[in-house]
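Take a look at the letters that make up each chain.
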Amino acid sequence: MTIECCSVRGRHALPTRHSSLVTVCLLLFSAANIFAQGSLTPPGGPGPTMKTLDQIEARNPLGTTAVTISQAGSYYLTGNITVASGSAITIATDSVTLDLNGFTISSTANPAAGSAISLNSAIKNITILNGSILGAVTYNGSSYNGAGFQNGINGTSISPRNVRVSGVSVAGCTQSGIFLGTTLQTSDVVDHCAVRTIGSTGIQAGSVSDCVVSECGGVAINCFTAANSSGDSTGSLTGIAAKTAVNCRGASATGRGLDADTATGCRGESTALGSTAIGLNAATATSCYGSNGNGSGTGLSATSANGCYGFSGAGTGLNATAASGCWGQSSSSGTGLNAISATGCFGESLSSGTGLNAITATGCFGQSDTSGIGLYAVNASNCSGISSSYYGLYVPGNLGYGTASFCRGSSTTGIGLFSHIAIGCTGTGNPPIIAGYPYLMP
């Protein structure tokens, strides 16, 4: 093909018809490159599209009769298990996960015998999940008797390690509900479990959280750390015993409701009539409530109490070495609040006892509704005391040398304020104030 040239302002250019042809050729060449295809030969046959049974359910099924697990692995129940004697499942090796799969383990043994799940001595890395253990043991008000298991989940005297029990319900056993060894291990965890009607210990483990334990003959919950849990003991032992308790409730018929080194946001109750009963006992109690409503024991007892409330039927409502922002109340002749040092506290006796009793009271208020002392202190500052017919505020001091500074005492028929030294004080009563030297009126 001949290409003709013509001169356009000194340059050569293709005629219009030939220029269009070149453009079309270039477009066809580019399109051929864009839509080029590779080899159409398949690399091989199609692979499998279905999963194997082991891929769908890689765990080992257990039957509906008693069994011993002697190989590590993951196991699950396929139905309810009922035995006539002894234990239902024994875990005899390390590294086992047992999923109860929503089924129930029960026993018809009478009297109760064996354990629903028994853990051999000193085994480790065990997980038990999601199911129920049921016996027919009942509580008649004095003892626990009936058919079923002695124990729900039982670690023998040599404690297992790294054991977790979660989402399990246990009821009707003569001895223990969930017991992970006599020596507590911090790595043993029990969470989201419910335990009821147990002759002795409800739950014993390193850490217990989000659990409810009721109607236990012994300690309901015994652990290092307890959180968001509740435990009730029908006997003379403790509802919840822990090193650290947070947002927990413990109750005991004749013992201590809750006993902890550190208690935060907790409630402890004891219904015992004796003077030794304590609703809540702690070295450090913060924002806690303690009650011994029926007896002459102590509602709340602590070395350090902060923002706490204690109530006692006939004993001391709140007793502390140092109390700050606390309220203590006694409904009878006991003391509302008793402390060596009380700051910003309120104490009240609803009868003839002392409202607030302290060595040093600062910014406190004490009240006795009948013939007791409203506030009693060795030294009082910015305090008030009220009594119906006795001392409103009484500050005799150590060996008779007490000081009341900027305090107020009031009594309907008794002495408003009594102090060896009264500085900037006021009183209402008969007489309003009795004080030694110096005696400074405002």
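Residues numbered from 1 in each chain as written. Predicted model: local features only at pLDDT ≥ 70, side-chain atom pairs only at ≥ 80, totals over all residues. Heavy atoms only, no water.

## Examining the overall build of the chain
Selection criterion: Helix and strand labels come from DSSP, where a helix needs a run of H or I of at least four residues and a strand needs a run of E of at least two; each type is numbered from the N terminus. Burial classes: relative accessible area under 20% of the type maximum marks a residue as buried, over 50% as exposed, and values in between as partly exposed (1.4 Å probe, protein chains only). Residues count as neighbours in contact if any of their non-hydrogen atoms are within 4.5 Å of one another. All accessibility values rest on the Shrake-Rupley procedure with a 1.4 Å probe; residue burial counts only the protein chains present in the view.
Scanning the chain for helices and strands turns up two helices and 47 strands. Out of the 442 residues in the chain, the part that is buried amounts to 46%. Of the contacts made within the chain by residues no fewer than 6 positions apart, 26% connect residues no fewer than 24 positions apart. If you sum the accessible surface of the chain, you get close to 19,800 Å²; carbon and sulfur atoms cover 55% of it.

## So, the environment of G385
Topologically, G385 is positioned in strand 39 (residues 384-387). Along the sequence, G385 and G355 sit 30 residues apart, while their C-alpha atoms lie 8.2 Å from each other. Leaving out residues up to four positions away in the same chain, G385 has contacts with G366, L375, G392, L393, R408, G409 and S410.

## Observations regarding the packing of aromatic side chains
Applicable threshold: What counts as a ring pair is set by centres within 6.5 Å for rings of Phe, Tyr and Trp (its six-membered ring), and what kind of pair is set by the plane angle: stacked under 30 degrees, edge-to-face over 60, tilted for all other angles.
This structure, assessed with the given rule, holds ten aromatic pairs. Consider the rings of Y139 and Y144, whose centres lie 4.5 Å apart with planes at 25 degrees: the pair is stacked. By relative accessible area, which is 12% here, Y144 ends up buried. Arranged with centres 5.3 Å apart and planes meeting at 15 degrees, the rings of Y289 and Y309 form a pair that is stacked.

## Here's the deal with unusual backbone geometry
Phi is mostly negative for residues that are not glycine, and the peptide bonds are mostly trans. With an omega of 5 degrees, the peptide bond running from N110 to P111 counts as cis. For P111, the position within the fold is in the loop between strand 9 (104-107) and strand 10 (115-119). Residue P431 is bonded to the preceding N430 through a cis peptide linkage, with omega at 0 degrees. Inspection of the secondary structure puts P431 in the loop between strand 45 (426-428) and strand 46 (433-435). Despite not being glycine, T197 shows a phi value in the positive range, around 55 degrees. Mapped onto the elements, T197 comes out in strand 18 (residues 194-198). Phi is positive for S287, close to 55 degrees, though the residue is something other than glycine.

## Things to note about the environment of C383
The residue C383 is located in the loop between strand 38 (375-381) and strand 39 in this model. For C383, a relative accessible area of 1% puts it in the buried group. Sequence spacing of C383 and T362 is 21 residues, and the spatial spacing of their C-alpha atoms is 6.2 Å. C383 has contacts with A361, T362, G363, C364, L375, L393, F406, C407 and R408, leaving out every residue within four places of it along the chain.

## Examining the pattern of salt bridges
Stated formally: Counted as salt bridges are all cases of a side-chain nitrogen of Lys or Arg within 4 Å of a carboxyl oxygen of Asp or Glu.
Summed over the entire model, instances satisfying the criterion amount to eight salt bridges. Between R267 and E269 there is a salt bridge whose closest N-O contact spans 2.7 Å. One connected set of salt bridges, linked through shared partners, spans D232, R249, R267 and E269.

## Thoughts on the pairing of strand 35 (residues 346-349)
Operational definition: Each pair of strands is called paired provided DSSP finds at least two bridges between the two strands.
For strand 33 (residues 327-330) and strand 35, the ladder comprises four bridges, and the chain directions are parallel. Its bridge partner being in strand 35, W327 is matched across the sheet by F346.

## Considerations on the nonpolar core
Let me state the cut-off plainly: To form a nonpolar core, buried Ala, Val, Leu, Ile, Met, Phe, Trp, Tyr and Cys residues must be joined to one another through side-chain atoms within 4.5 Å.
With 83 residues, the main nonpolar core has I89, I91, I105, I117, I178 and V190 as its most contacted residues. Broken down by element, the residue count for this core peaks at five residues, all from strand 15 (residues 161-173). The contact partners of I117, leaving out residues within four places of it in the chain, are I89, I91, L98, L100, I105, I128, I133, G152, I153 and N154.

## What to know about the state of the cysteines
We count it as follows: For the purposes of this analysis, a disulfide is any pair of cysteine sulfur atoms at a distance within 2.5 Å.
Evaluation of the coordinates by the stated rule reveals zero disulfides. Cysteine C223 is unpaired, with the sulfur of C248 as its nearest cysteine sulfur at 7.3 Å. Residue C223 is classed as buried on the basis of its relative accessible area, which comes to 3%.

## Some remarks on the confidence of the model for the chain
Predicted coordinates in regions of low pLDDT should not be interpreted in detail. The line we're drawing: Summary of the metric used: pLDDT quantifies the predictor's per-residue confidence within the range 0 to 100.
Mean pLDDT over the chain works out to 88, with 85% of the residues at or above the 70 mark. Low pLDDT, under 50, characterises residues 1-18; the predicted model gives this stretch 15 contacts beyond four residues in sequence or across chains. Counted against residues more than four places away or in other chains, residues 437-442, with its pLDDT under 50, gives 15 contacts.

## Focus: the pairing of strand 22 (residues 221-227)
Taken together, the two bridges between strand 19 (residues 203-204) and strand 22 define a ladder with parallel strand orientation. Note that in strand 22 the partner of Q204 across the bridge is N222. Inspection of the sheet shows strand 20 (residues 207-209) paired to strand 22 by three bridges, in the parallel sense. The residue bridging S209 from the neighbouring strand is A227, located in strand 22. Strand direction decides the pairing type here: strand 22 and strand 24 (residues 240-246), joined by six bridges, are parallel. The residue bridging N222 from the neighbouring strand is A241, located in strand 24.

## As for the environment of D99
Applicable threshold: Here a polar contact is taken to be a pair of N or O atoms separated by no more than 3.5 Å, where protein atoms must pair a possible hydrogen donor with a possible acceptor and residues adjacent in sequence count only if both atoms sit in side chains.
With respect to the helices and strands, the residue D99 is situated in strand 8 (residues 96-99). Separated by 24 residues in sequence, D99 and Y75 place their C-alpha atoms 6.2 Å apart. Engagement of the side chain of D99 in a polar contact is seen with the side chain of R59, the distance being 3.0 Å.

## Quick look at the side chain of D188
Selection rule: Lys and Arg are tallied as positive, Asp and Glu as negative. Neither His nor the chain termini are counted.
Mapped onto the secondary structure, D188 falls in the loop between strand 16 (176-180) and strand 17 (189-191). No salt bridge is formed by the buried D188, whose closest oppositely charged neighbour, R161, lies at an N-O distance of 7.8 Å. If we skip the residues at most four places from it in the chain, D188 touches P160, R161, N162, V163, L180, A205, G206 and S207.

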